[in-house]
Amino acid sequence: MFRSVDEVAVRLAETGYLASPAVATTVFLADRLGKPLLVEGPAGVGKTELAKAVAEVAGAELVRLQCYEGVDESRALYEWNHAKQLLRISAGRDESWDETRTDIFSEEFLLPRPLLTAIRGDDPKVLLIDETDKADVEVEGLLLEVLSDFQVTVPELGTITATRRPFVVLTSNASRELSEALRRRCLFLHIGFPDEELERRIVRLKVPGLGEALAESVVRVVGALREMELRKVPSVAETIDWARTLLALGADTLDETVVRDTLGVLLKHQDDILRAAAKLDLDAV
């Protein structure tokens, strides 16, 4: 997809995703080496958006597996359409079981889930395995099998092998440690909070109606909040939401009243809001 690291940065920027040099380099290498990309970092820093931006750049279909506790093989890989199978069995009562079984375990009755969908077909795809750390450990074994050979074995149909490998992005908020076996199969990228200059550029891109001076103030205040001992510091997503909030309120500058009344956009816990209201000194930032 990409001929150079600079091209990655330029083409992602065209989609509205401003990539740091580290992000652009790792995306380039993942594409060039054909390796899955494991992206870790706090919630709201752009891990999922990176996969979406790559899909847009490549003109590829985005196939998303949203992980959660209890997700299993039938939700991740495939399952059979049991209702349709029962109807077929009922309709063919005069047939032998061998004839019926051959029919009901065919492509017509197969329901592909994200992992199987991503390796089938010749069209380009980006496979996003989102919040991998929320899935049970057993699911990692399934991911290892799929990401090692990009093939899936359906006992009734045989082995399905990818004719065109998808670009794979796994994201993690590091709520639990992923296995070393899974990590070894991936290129690793950590996306943290951007520096002030990059975050200011992101804010100006995402909230174009915001003035330069106010955008700079927004980024400085958010940076000050991140240095406090809070349960959940604001991420880039909250910075953008706050900038949009200030624009909607018609605020030209930040003052104590505006900041106090809108802290709930940045912070999601009452004790964080109280601590920030008590410690935040606008004159110091």
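Here the structure is a predicted model, which is why all the values come from computation and not from measurement.

(A) Representation of the overall build of the protein in the model. Scanning the protein from N- to C-terminus turns up 14 helices and 9 strands. In terms of its C-alpha atoms, the protein occupies a principal-axis envelope of roughly 85 × 45 × 35 Å. Sequence-distant contacts, at least 24 apart, represent 73% of the contacts inside the protein between residues at least 6 apart. Put simply, the protein shows about 14400 Å² of open surface, and 49% of that area lies on carbon and sulfur atoms. A gap of 1 Å separates the mean positions of the 35 positive and 50 negative side-chain charges of the protein.

(B) Representation of a negative patch on the surface. Among the surface-exposed residues, Asp-255, Glu-256, Asp-261, Asp-281 and Asp-283 lie close enough to one another that they form a single negatively charged patch. Following the sequence through the fold, Asp-261 ends up in helix α13 (residues 256-266).

(C) How the structure looks around unusual backbone geometry. A positive phi angle, close to 55 degrees, is found at Glu-131, a residue other than glycine. Residue class for Glu-131 comes out buried when judged on its relative accessible area of 19%.

(D) Just the pairing of strand β7 (residues 158-161), in detail. Of the pairings in the sheet, the one linking strand β6 (residues 151-154) to β7 comprises 4 bridges and is antiparallel in character. Of the residues in β7, the one forming a bridge with Gln-151 is Thr-161. Connecting the antiparallel pair β6 and β7 is a turn made up of 3 residues.

(E) Spotlight on the side chain of Thr-132. Mapped onto the secondary structure, Thr-132 falls in the loop between β5 (125-130) and α8 (137-149). Given a relative accessible area of 1%, Thr-132 falls into the buried group. A polar contact is formed between the side chain of Thr-132 and the backbone oxygen of Ile-129, at a distance of 3.1 Å. Leaving out residues up to four positions away in the same chain, Thr-132 has contacts with Cys-67, Leu-143, Leu-170, Thr-171, Arg-176, Leu-178 and Leu-182.

(F) Molecular detail of the sheet that holds β5. Read from one edge to the other, the open sheet built from 5 strands follows the order β2-β5-β8-β1-β9, with strand pairing classed as parallel. Two strands bound the open sheet, and with one partner strand each, they are β2 (61-66) and β9 (187-190). For this sheet the average axis-to-axis angle between neighbouring strands, irrespective of direction, equals 20 degrees. Across 4 bridges, β5 lies against strand β8 (residues 167-172) in parallel orientation. Bridge pairing in β8 places Ile-129 opposite Leu-170. The sheet contacts of helix α2 (residues 21-33) involve β1 (37-40), β8 and β9, and relative to β9 the element is tilted by about 165 degrees.

(G) Broad picture of α2. With 13 residues, α2 should reach 18 Å at 1.5 Å per residue; the first-to-last C-alpha distance of 18 Å fits that figure. Packing partners of the buried residues in α2 comprise α1 (5-14), β1, α3 (47-58), β8 and β9. Positive backbone phi, approximately 70 degrees, marks Gly-34, located one or two places after α2.

(H) Structural view of helix α12 (residues 236-249). End to end, α12 covers 20 Å across 14 residues, agreeing with the expected 20 Å (1.5 Å per residue, within 8%). Taken as a whole, α12 has its buried residues at Val-236, Glu-238, Thr-239, Ile-240, Trp-242, Ala-243 and Leu-246. Contact partners of the buried residues in α12: α10 (196-206), α11 (212-226) and α13. Once α12 finishes, Gly-250 follows within two positions and takes phi at roughly 75 degrees, a positive value.

(I) Molecular detail of the layout of surface pockets. In this model, the largest pocket occupies a volume close to 650 Å³. Tyr-17, Val-45, Gly-46, Lys-47 and Glu-49 are the residues nearest the centre of the largest pocket, which is lined by 35 residues in total. Elements with a contribution of two residues or more to the lining of the largest pocket: α2, α3, α10 and α12. With 6 residues, the single largest contributor to the lining of the largest pocket is α3. Of the residues assigned to the lining of the largest pocket, the class counts are 16 nonpolar, 10 polar and 9 charged. Within this model, the second largest pocket holds a volume of roughly 270 Å³. What lines the second largest pocket is a set of 17 residues, among which Met-1, Asp-31, Arg-165, Pro-166 and Phe-167 lie closest to the centre. At the level of secondary structure, the elements contributing two or more residues to the lining of the second largest pocket comprise α2, β5 and β8.

(J) Layout of the nonpolar core. Leu-77, Leu-115, Leu-116, Ile-129, Leu-143 and Leu-170 are the most contacted members of the largest nonpolar core, which has 34 residues in total. Of all the secondary structure elements, the ones that give two or more residues to this core are β2, β3 (78-80), α7 (114-119), β5, α8, β6 and β8. Looking at this core element by element, the count peaks at 6 residues for α8. Residues within four places of Leu-115 in sequence aside, it is in contact with Leu-65, Ala-76, Leu-77, Leu-127, Ile-129, Leu-142, Leu-143 and Val-146. Val-236, Trp-242, Leu-246 and Leu-263 belong to the second largest nonpolar core, which has 32 residues in total.

Calculation notes
- Residues numbered from 1 in each chain as written.
- Predicted model: local features only at pLDDT ≥ 70, side-chain atom pairs only at ≥ 80, totals over all residues.
- Heavy atoms only, no water.
- Helix = DSSP H or I, 4+ residues; strand = E, 2+ residues; numbered from the N terminus.
- Contact = heavy atoms within 4.5 Å.
- Areas by Shrake-Rupley, 256 points an atom, 1.4 Å probe, with all protein chains shown as cover.
- Lys, Arg positive; Asp, Glu negative; His and termini not counted.
- Charge placed at Lys NZ, Arg CZ, Asp CG, Glu CD.
- Patch = residues over 30% accessible without salt bridge, like charges linked within 9 Å, V, L, I, M, F, W, Y side chains within 5 Å.
- Salt bridge = Lys/Arg side-chain N within 4 Å of Asp/Glu carboxyl O.
- Buried < 20%, exposed > 50% of the residue type's maximum accessible area, 1.4 Å probe, protein only.
- Pairing = 2+ DSSP bridges.
- Polar contact = N/O pair within 3.5 Å; in protein donor to acceptor, adjacent residues only side chain to side chain.
- Axes fitted to C-alpha atoms, helices over the stretch in contact; angles between N-to-C directions.
- Expected span 1.5 Å × (residues − 1).
- 1 Å grid on protein atoms, 1.4 Å probe; cavity = no way out; pocket = protein on both sides within 12 Å on 5 of 7 lines; lining within 4 Å.
- Points joined across faces, edges and corners; volume = space filled by probe spheres on them.
- Nonpolar A, V, L, I, M, F, W, Y, C, P; charged D, E, K, R; others polar.
- Core = buried A, V, L, I, M, F, W, Y, C linked by side-chain atoms within 4.5 Å.

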